[in-house]
Amino acid sequence: MNSVAMTPHARRRKIVSLFSRLRKSAGQVNPIPIYDELRGMGEVISAPWGGLLVNSYGLAHQILRDKRWAVPDRTWRSRQAAVTRWDSPASRQMSHTLPLLNPPDHTHLRRPLGAVFDRNTLAELHRAAEEMVEVLLDEFTQRLQEGSADFVAMVSEKLPVMIIGKWMGLPPADHELLWELTHDQVYTQELFPTASEIAISDAATARLQVYFADLIQDRRRTPGDDPVSVWIRTWDDLEGDPARTDTVVHSLALFMILAALETTSHLIANTLRLLLEHPDQLDLLRQDPELIPDAVEETLRYDAPIHVITRVAVADTDLGGVPISAGETVQLLIGAAHHDPVRFTDPHRFDVRRRRGRGQSGHASRSPSHLAFGAGIHYCLGNVLARLEAAALLGALLSRPIRLRLSAPAEWAPRVAFRRITSLPLTLA
Ligand code: HEM
């Protein structure tokens, strides 16, 4: 049936069915046809669960940079019906973190942070990443001599926590715990968490809160030059109130872990998966390793780690002709926006030379940037670090005299907003 001619009831049913397909295995493996169907229903569509869904790159980009759209902060959350996900301890903890603060609270927290990763820190983490990937790939290739090995368990879930752990000065013995708590916590950030998932997220949040409260006490006793000690000094100077400092630093440190692990791991695993599924593109990288950063960018466009970003209307307005009231949400379908043919030529093609304009003219006709790290005032603070880790890993892998292939299909968590490959079994080709 033509979607324009559909009754409102049929449209609602179709949207519900498309989102349910997104959570199923086939939808996880390849959500693109589902996004095409959603886009076919319009640039802006009403969500059956309230608010609007945005499919186009242009509108998503505009909303992210527009003051008339806010993040769903704690004031907004407190206005939602009680006993919902917004009222849960995990949600309340999240509402103290940077991406859920609006100005002036957001500015108050973000400005003193500066760039977070300055040039020296990045150079040091780059060196560390290069050493770590060699160790991880040694172990991985050794296992491959014996047969199939899971790239996620052995490599892509190891590197991000090793790097963040080194940066924050966290003991390697805690890495596994931090992964477990991060996987559990993310439910509260998903689109449709069930009551039991919210309970899992609440329990993980409680343990993360204890972990970071202990860490702050430890850094107060033995300050160093790690970021947590630096933030304590910064906010002690700014606030003059140690209790207030501890609250601020607690949310910051906790969120850095949540922000850095699954996203970066997914980027690393997904880049490799897409290259193995597109051998012509992998060959291009082998011929010209300078294309490695371009392959990372193309992965971020083609299948970003985060597929949905939410904003709230500050005042009554309309979006693409659809009215929306103050306080209503709009879900930006980043995964769909990245395949918007209005913005990207041949959007469903995984093309590592996209940023070079496919080298046809010899001139830079750079493709417009993706929204994988957001845009506007909440633009991701860890983007350089994530890119650096993915490029370091890919560079080291391609420099080895091995050829890999998938030994079984990748497995995925049934998510809509936060993509996660749970296993990528590989073998020597
Ligand atoms: C591939 C990896 C990553 C992706 C795809 C990613 C994606 C994002 C996105 C989309 C946002 C904006 C959310 C919004 O506008 O509502 C964001 C914000 C943020 N990210 Fe990342 N991120 C990644 C890695 C990291 C890393 C490694 C760190 C830190 C070590 C980090 C720290 C942050 C912080 C602190 C914010 C909040 C910024 C603010 O609200 O002012 N991210 N990230």
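Our subject is the structure that appears above.
Described in the following lines is the structure provided in the data block. (Residues numbered from 1 in each chain as written. Predicted model: local features only at pLDDT ≥ 70, side-chain atom pairs only at ≥ 80, totals over all residues. Heavy atoms only, no water.)

### Examining the site of the ligand
Rules: Residues are labelled near a given molecule or strand when at least one of their non-hydrogen atoms is within 4 Å of it. Two N or O atoms form a polar contact when they lie within 3.5 Å of each other; inside protein one atom must be a possible hydrogen donor and the other a possible acceptor, and for residues adjacent in sequence the pair counts only when both atoms belong to side chains. Each helix corresponds to a stretch of at least 4 residues labelled H or I by DSSP, and each strand to a stretch of at least 2 residues labelled E; elements are numbered beginning at the N terminus.
In the neighbourhood of the ligand, 27 residues make up the surrounding shell, with His-106, Arg-110, Arg-311, His-378 and Cys-380 lying closest. Within the contact set of the ligand, an oxygen atom lies 3.4 Å away from a backbone nitrogen or oxygen of Leu-98. At 2.6 Å, a side-chain N or O of Arg-110 approaches an oxygen atom of the ligand. Broken down by secondary-structure element, the contributors of at least two residues to the shell around the ligand are helix H7 (105-113), helix H14 (242-277) and strand S5 (308-313).

### A closer look at the pattern of salt bridges
Stated precisely, the cut-off is as follows: Any carboxyl oxygen of Asp or Glu that lies within 4 Å of a side-chain nitrogen of Lys or Arg is treated as forming a salt bridge with it. Remark: exposure states derive from per-residue accessible area (1.4 Å probe, protein chains only) relative to the maximum for the residue type, with buried under 20%, exposed over 50%, and partly exposed in between.
Per the counting criterion, the structure on display carries 24 salt bridges. Across the pair Arg-273 and Asp-303 runs a salt bridge whose closest N-O atoms are separated by 3.3 Å. Pair noted here: Arg-273 is in helix H14 and Asp-303 is in the loop between helix H16 (292-302) and S5, with a separation of 30 residues, a long-range link. By relative accessible area, Arg-273 is classed as buried at 4%. Residues participating in the shared-partner salt-bridge network are Asp-218, Arg-219, Arg-221 and Asp-226.

### Quick word on the coordination of the iron atom of the ligand
Counted only if it meets this: Only N, O and S atoms count as donors, using a 2.8 Å limit from the metal and a wider 3.2 Å limit for Na, K and Ca, and since water is excluded some coordination spheres may look unfilled.
For the iron atom of the ligand, the protein contributes exactly one donor atom, Cys-380 (SG), at 2.3 Å. Within the secondary structure, Cys-380 is located in the loop between helix H17 (334-337) and helix H18 (383-398).

### Some thoughts on the packing of helix H10 (residues 159-168) against H14
Stated formally: Lines fitted to C-alpha atoms define the axes, with helix axes restricted to the stretch in contact, and inter-axis angles between N-to-C directions lie between 0 and 180 degrees. Note on terminology: angles under 35 degrees are roughly parallel, angles over 145 are roughly antiparallel, angles of 65 to 115 are roughly perpendicular, and the others are oblique. Here a crossing is taken to be left-handed if its near helix is turned anticlockwise relative to the far helix by less than a right angle, and right-handed if that turn runs clockwise. Any two residues having at least one pair of non-hydrogen atoms within 4.5 Å are treated as being in contact. Each residue is assigned to one of three groups, with Ala, Val, Leu, Ile, Met, Phe, Trp, Tyr, Cys and Pro labelled nonpolar, Asp, Glu, Lys and Arg labelled charged, and all others, Gly among them, labelled polar.
Close contact between H10 and H14 brings their axes to 8 Å; oriented N to C, the two are set at 150°. Considered as vectors, H10 and H14 are oriented roughly antiparallel to each other. The two elements H10 and H14 cross, and the hand of that crossing is right-handed. Taking contact as the criterion, the partners of Leu-159, Pro-160, Val-161, Ile-164, Trp-167 and Met-168 in H10 are, on H14, Ala-253, Met-256, Ile-257, Ala-260, Leu-261, Thr-264, Ser-265 and Ile-268. Of the residues belonging to the contact of H10 with H14, the class tally is twelve nonpolar, two polar and no charged.

### Considerations on the packing of aromatic side chains
In this description, a pair of aromatic rings is defined by centroid distance and the angle of the planes. What counts is decided by this rule: Two rings belonging to Phe, Tyr or Trp (six-membered ring only in the last case) form a pair when the distance between their centres is within 6.5 Å. Interplanar angles under 30 degrees mark stacking, angles over 60 mark edge-to-face geometry, and anything in between is tilted.
In the structure shown here, the tally under the stated rule is eleven aromatic pairs. Plain terms: the ring middles of Phe-140 and Phe-151 are 5.6 Å apart, the flat faces sit at 75° to each other, and that makes the pair edge-to-face. Of this pair, Phe-140 sits in helix H8 (residues 119-145) while Phe-151 sits in helix H9 (residues 151-156); the two residues are eleven residues apart in sequence, bridging distant segments of the chain. Looking at Phe-140, the relative accessible area reads 0%, which means it is buried. Aromatic pair Trp-167 and Trp-231: ring centres 6.0 Å apart, planes at 75°, arrangement edge-to-face. Here the residue Trp-167 occupies a position in helix H10, and Trp-231 occupies one in helix H13 (residues 227-239), the gap between them amounting to 64 residues. Assessed through its relative accessible area of 6%, Trp-231 is described here as buried. An aromatic cluster is built from Phe-19, Trp-49 and Phe-192, whose rings are joined through pairwise contacts.

### Observations concerning helix H3 (residues 32-40)
Put simply, the test is: This arc is built from the directions going out from the helix axis to the C-beta atoms.
Those residues of H3 not exposed but buried are Ile-32, Ile-34, Tyr-35, Leu-38 and Arg-39. All buried residues of H3 project into a common sector of 155° when viewed along the axis, lining one side. Looking at the buried positions of H3, the neighbouring elements they touch are helix H1 (8-23), helix H2 (25-29), strand S1 (44-46), H16, strand S8 (329-333) and H17. Gly-42 lies just past H3 and shows a positive phi near 135°.

### What to know about the sheet that holds S5
As a reminder of what qualifies: Here a strand pair is declared whenever DSSP counts at least two bridges between the two strands.
The strand order across the open sheet built from five strands is S1-S2-S8-S5-S3, with neighbouring strands paired in mixed fashion. Of all the strands in the sheet, the pair left with one neighbour each is S1 and strand S3 (69-70). Where S5 and S8 come together, five bridges link them in antiparallel fashion. If you follow Arg-311 over to S8, its bridge partner there is Val-330. Lying over the sheet, H1 contacts S1, strand S2 (52-54) and S8, oriented at roughly 105° with respect to S1.

### Section: the nonpolar core
Where we set the bar: Working definition of a nonpolar core: buried Ala, Val, Leu, Ile, Met, Phe, Trp, Tyr and Cys residues. They are joined through side-chain atoms within 4.5 Å.
The biggest cluster of nonpolar side chains holds 94 residues, and the ones touching the most others in it are Phe-151, Trp-167, Met-168, Trp-231, Leu-285 and Leu-424. Broken down by element, the residue count for this core peaks at 18 residues, all from H14. The residues contacting Leu-285, other than those within four sequence positions of it, are Leu-275, Leu-291, Ile-292, Ala-295, Val-352, Leu-394 and Leu-398.

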